[in-house]
There are 4 protein chains.
Amino acid sequence: MSSLPPGVALAPKRQRGRDRVAAILEAATALFAEKSYEAATMTEVALRSGTAIGSLYRFFPTKEVLAVALLERYGERLLHALDRLIDRDPPLSVADAAAGLLEIVRCLRTERSVVLSLIDSGIAWQAGTGTLRTALIGRMGGLLSRLGGSPGAHDERAVILLHLVKAIFALPQDGPGPQSAGDVEAEAVLRLYLEHSARSAPHG
Amino acid sequence: MSSLPPGVALAPKRQRGRDRVAAILEAATALFAEKSYEAATMTEVALRSGTAIGSLYRFFPTKEVLAVALLERYGERLLHALDRLIDRDPPLSVADAAAGLLEIVRCLRTERSVVLSLIDSGIAWQAGTGTLRTALIGRMGGLLSRLGGSPGAHDERAVILLHLVKAIFALPQDGPGPQSAGDVEAEAVLRLYLEHSARSAPHG
Amino acid sequence: MSSLPPGVALAPKRQRGRDRVAAILEAATALFAEKSYEAATMTEVALRSGTAIGSLYRFFPTKEVLAVALLERYGERLLHALDRLIDRDPPLSVADAAAGLLEIVRCLRTERSVVLSLIDSGIAWQAGTGTLRTALIGRMGGLLSRLGGSPGAHDERAVILLHLVKAIFALPQDGPGPQSAGDVEAEAVLRLYLEHSARSAPHG
Amino acid sequence: MSSLPPGVALAPKRQRGRDRVAAILEAATALFAEKSYEAATMTEVALRSGTAIGSLYRFFPTKEVLAVALLERYGERLLHALDRLIDRDPPLSVADAAAGLLEIVRCLRTERSVVLSLIDSGIAWQAGTGTLRTALIGRMGGLLSRLGGSPGAHDERAVILLHLVKAIFALPQDGPGPQSAGDVEAEAVLRLYLEHSARSAPHG
DNA sequence: GATGAATGAGCATTCATTCAT
DNA sequence: GATGAATGAATGCTCATTCAT
């Protein structure tokens, strides 16, 4: 009962512990975003979250475990948002899909740096279930399917679409205003490519 | 420690030195690509290039200087290739431009990761000229200008275009074949966006 | 690396830490005295104090911080002793002052080398107050004032007096006996110079 | 004929070599003075003297050998100057002696830092013949003898006198003017102590 | 369970010195 | 004999991680 498989974050049982964990995740999010996975230090995470370094290690026995926890947290949000978009009831138009993707990106932009820095640091996510990357490509494929077009090229297109979304994530964010010039162009890129895909050949 | 200008790589004066420098650059290229600027260590570069750590530092007095050298090496290639594309004589069509960009990406793909990892590490380059990033955005702007369209949005579009190119750089490279499915789609993205930009409003 | 104020020695919060700090200071005293600030190495300090290098850096995040701690420790003793001498109640005679200075030197002789090597390394001390050197010169001036004499030359004389005291500090110490021949002569030097200063011109 | 005892500077046979050596010694003087024996580097000495590092090592096979050469050079000058003072023909008055000592110090002041930094770095000088220190103490004793006073205390007094001279060497030098305020006071210290010694008891 | 001290491998960098050309 | 490249031990310092209290 005492030797859990290492590599998993310990789930805290009491309220106090859950608050701790939340504070830690928040601090880590900020630090990984400001610096990078490698440049951020566990000591700093502890400091910023008001946790003793020893306590930090109780919940996250490894820096990598902490990173994975973050990846899961934001990855799940991202996946859920994508699922909601794909399954939206009145069938999606291309314009809706482009706007929806951009909206997702904009909502998660605050935490985007974490995701980007973690995706690119090669940290594995849910070893068994496949990577975040795989899951995201799956969703992109789903989106393309809903919009129609020749299914033959969907696999490559999903990859490209994912890269486009990542590129938009990486875009410097100009002000929180409703629609910056950059956003307009970003949405254009998405729309153009989705149109292109939907147009590619009639279903079946 | 103080009288030697520490900002520039020392040029080797003998053949032996020139070989060593070449070996170092090669090893560093590989390592910065595999890991990242921050994760790669000078000791590893030395080891991988068969150089004593002291010799490494003779030519590259700082990790950053080494990175800058790499940036210049690949950055210059990239910029030259872009310049050739922009200034090609029979004025470019949108399709030519897209194909040209993709071609450039394909040719430099081997060294792509280095460039990517160094661009994003924000290392300054050519003291006066600003970052590689800045230079690249300038080229993208130049390309958009040649293709026409409302010049008002060129700044934002140049940024977007750079991100698209970066995304394509980052694409997993499938075989060295002439035109993989991924390449076709990548070219489509570029063409669509360049068309969109060129169409945006009549010149003048 | 960035959020922690790196300018001050971290105060240990537990007994174990306080012991360690004491051991470190002792070892550093010895080493800085035997060699010099520059020649002594942190690794050696760690070794000699039975501390892991990491622990040493926990409390003294920089070699300079360690030096400053030493400087404060011994500098404060020295300054307090000088203050007690200057403010002694029955106004000082020249002979008393000379004897007093010598006595101070003799008491602090064990740690003299550290002070000497640190004074001359120009390490800043107590951010606002300037160097130990400055503080000492101030005290020497105070002593000269109490003994009378033309105040016009006190600044230069304070500097000279400090150098005399330093010279006596540097004297090879012959046995712990009450008054060695060297001490007699050293006291003579001080007395002669203080007399000379006091005689220089009537007050006002 | 090829394996000379290590530790001695190789005497150059040709003019070219003698110039080299002179340049090296000059550069080393400046550097040791500006920084310190430990902080100055052989590479810097080579650079500053326009010598290749390999050539520097031909003449001075060790950093310490270089230091010893400097020590000898300045030590000899100092000793000669002292000898001239001691043996000056119309027998010396105390005032003359004080003025003479100060004059010597002032003349060698440019190079004082080297001597000070080398004396205090514990580098041995002429292993067989004794240290510079010993030689200097001898001269101080000689000077005291010429001025009269009880010879019993001359040994201790010579040591003290040497320390006084060293202290004056270390004095911050204010302008090259003929007699700065500091110099006046420094001469006073010397005169007072020499008088005290000469007065101590009638000869014999 | 929380706290913070302890640990030590590792990192970027320096520099005296040697050696091949 | 001159040159400069090569060498590697050593330095100041960092940081993930463990352990005693």
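Thresholds applied
- Residues numbered from 1 in each chain as written.
- Chains lettered and ligands numbered in written order.
- Predicted model: local features only at pLDDT ≥ 70, side-chain atom pairs only at ≥ 80, totals over all residues.
- Heavy atoms only, no water.
- Contact = heavy atoms within 4.5 Å.
- Buried area = accessible area lost by both parts, 1.4 Å probe.
- Salt bridge = Lys/Arg side-chain N within 4 Å of Asp/Glu carboxyl O.
- Helix = DSSP H or I, 4+ residues; strand = E, 2+ residues; numbered from the N terminus.
- Domains from an automatic or database assignment.
- Polar contact = N/O pair within 3.5 Å; in protein donor to acceptor, adjacent residues only side chain to side chain.
- Nonpolar A, V, L, I, M, F, W, Y, C, P; charged D, E, K, R; others polar.
- UniProt positions renumbered as here; feature names shortened; annotations may be inferred.
- Least-squares fit on C-alpha atoms with pLDDT ≥ 70 in both.
- Axes fitted to C-alpha atoms, helices over the stretch in contact; angles between N-to-C directions.
- Parallel < 35°, antiparallel > 145°, perpendicular 65-115°, else oblique.
- Left-handed = near helix turned anticlockwise from the far one by under 90°.
- Core = buried A, V, L, I, M, F, W, Y, C linked by side-chain atoms within 4.5 Å.
- Buried < 20%, exposed > 50% of the residue type's maximum accessible area, 1.4 Å probe, protein only.

1. Quick notes on the interface of chain C and chain D
- The interface is formed by 24 residues belonging to chain C together with 24 residues belonging to chain D.
- Each partner contributes to the roughly 1,900 Å² buried at the junction of chain C and chain D, and carbon and sulfur atoms together form 74% of this total.
- For chain C, the biggest contributors to the area lost against chain D are H163(C), E185(C) and L192(C); these three give 28% of the whole.
- Our count for the chain C to chain D interface comes out at 2 salt bridges.
- The shortest N-O distance in the salt bridge between E185(D) and R157(C) comes to 3.0 Å.
- Element by element, the count of residues in the side of chain C that touches chain D is highest for helix α9 (residues 181–199) of chain C, at 10 residues.

2. A word on the domain arrangement of chain A
All names here are of chain A.
- The domains assigned to chain A are domain 1 (1–61) and domain 2 (70–199).
- Taken residue by residue, the interface counts 7 residues in domain 1 and 10 residues in domain 2.
- Approximately 690 Å² of surface area, both sides summed, lies buried where domain 1 meets domain 2, with 75% of it carried by carbon and sulfur atoms.
- The tally of links between domain 1 and domain 2 comes to 0 salt bridges.
- Between domain 1 and domain 2 we count 1 residue pair in polar contact (both at pLDDT 80 or more) in total.

3. Things to note about the interface of chain A and chain B
- Taken residue by residue, the interface counts 24 residues in chain A and 24 residues in chain B.
- By the criterion of area lost to chain B, the three top residues of chain A are H163(A), E185(A) and L192(A), representing 28% of everything that side buries.
- Counting the contacts that link chain A with chain B gives 2 salt bridges.
- Only α8 (154–170) and α9 (181–199) of chain A provide two or more residues apiece to the side of chain A that touches chain B.
- At 10 residues, the largest contribution of residues to the side of chain A that touches chain B is made by α9(A).
- By residue class, the composition of the side of chain A that touches chain B is 14 nonpolar, 4 polar and 6 charged.

4. Some remarks on the UniProt feature "DNA-binding region" (unreviewed entry) in chain A
- The sites that UniProt annotates as "DNA-binding region" (unreviewed entry) are residues 41–60 of chain A.
- Measuring from the first to the last C-alpha atom of residues 41–60 of chain A gives 13 Å, for a span that is 70% helix and 0% strand.

5. Some details on the environment of E156(D)
- Position of E156(D) among the secondary structure elements: in helix α8 (residues 154–170).
- Along the backbone, E156(D) and S200(D) are 44 residues apart, and their C-alpha atoms lie at a distance of 13 Å.
- Aside from chain neighbours lying at most four places away, what touches E156(D) is A181(C), G182(C) and E185(C).

6. What to know about the relation of the copies chain C and chain D
- When chain C is brought onto chain D, the operation consists of a screw motion whose angular component is 178 degrees and whose axial shift is 0.2 Å, with 0.7 Å RMSD remaining. As the rotation angle and translation indicate, the two copies are arranged about a two-fold axis.
- Counting the interface residues of chain C, we find that 96% of their copies in chain D are interface residues as well, pointing to one common contact surface.

7. Focus on the packing of helix α4 (residues 63–86) of chain C against helix α5 (residues 94–107) of chain C
Residue and element names in this part refer to chain C.
- Viewed as axis vectors pointing N to C, α4 and α5 meet at an angle of 160 degrees, and their least axial separation amounts to 10 Å. It follows that α4 is roughly antiparallel to α5 by the angle criterion. In this structure, α4 crosses over α5, and the sense of that crossing is right-handed. Side by side, α4 and α5 meet where L78, A81, L82 and L85 of the first sit next to D96, A97, G100, L101 and I104 of the second.
- Residues that form the contact of α4 with α5 fall into these classes: 7 nonpolar, 1 polar and 1 charged.

8. Re the packing of helix α1 (residues 15–34) of chain C against helix α6 (residues 112–119) of chain C
All names here are of chain C.
- At a minimum axis separation of 8 Å, α1 and α6 run at an interaxial angle of 65 degrees. Comparing the axis directions of α1 and α6 gives the class roughly perpendicular. By crossing handedness, the relation of α1 to α6 is classed as left-handed. Taking contact as the criterion, the partners of T29, F32 and A33 in α1 are, on α6, S113, V114, S117 and L118.
- Here the contact of α1 with α6 is composed, by residue class, of 4 nonpolar, 3 polar and no charged.

9. Here's the deal with the nonpolar core
- Counting 131 residues, the largest nonpolar core has F60(C) and F60(D) as its most contacted members.
- L25(A), F32(A), V45(B) and L161(B) belong to the second largest nonpolar core, which has 130 residues in total.

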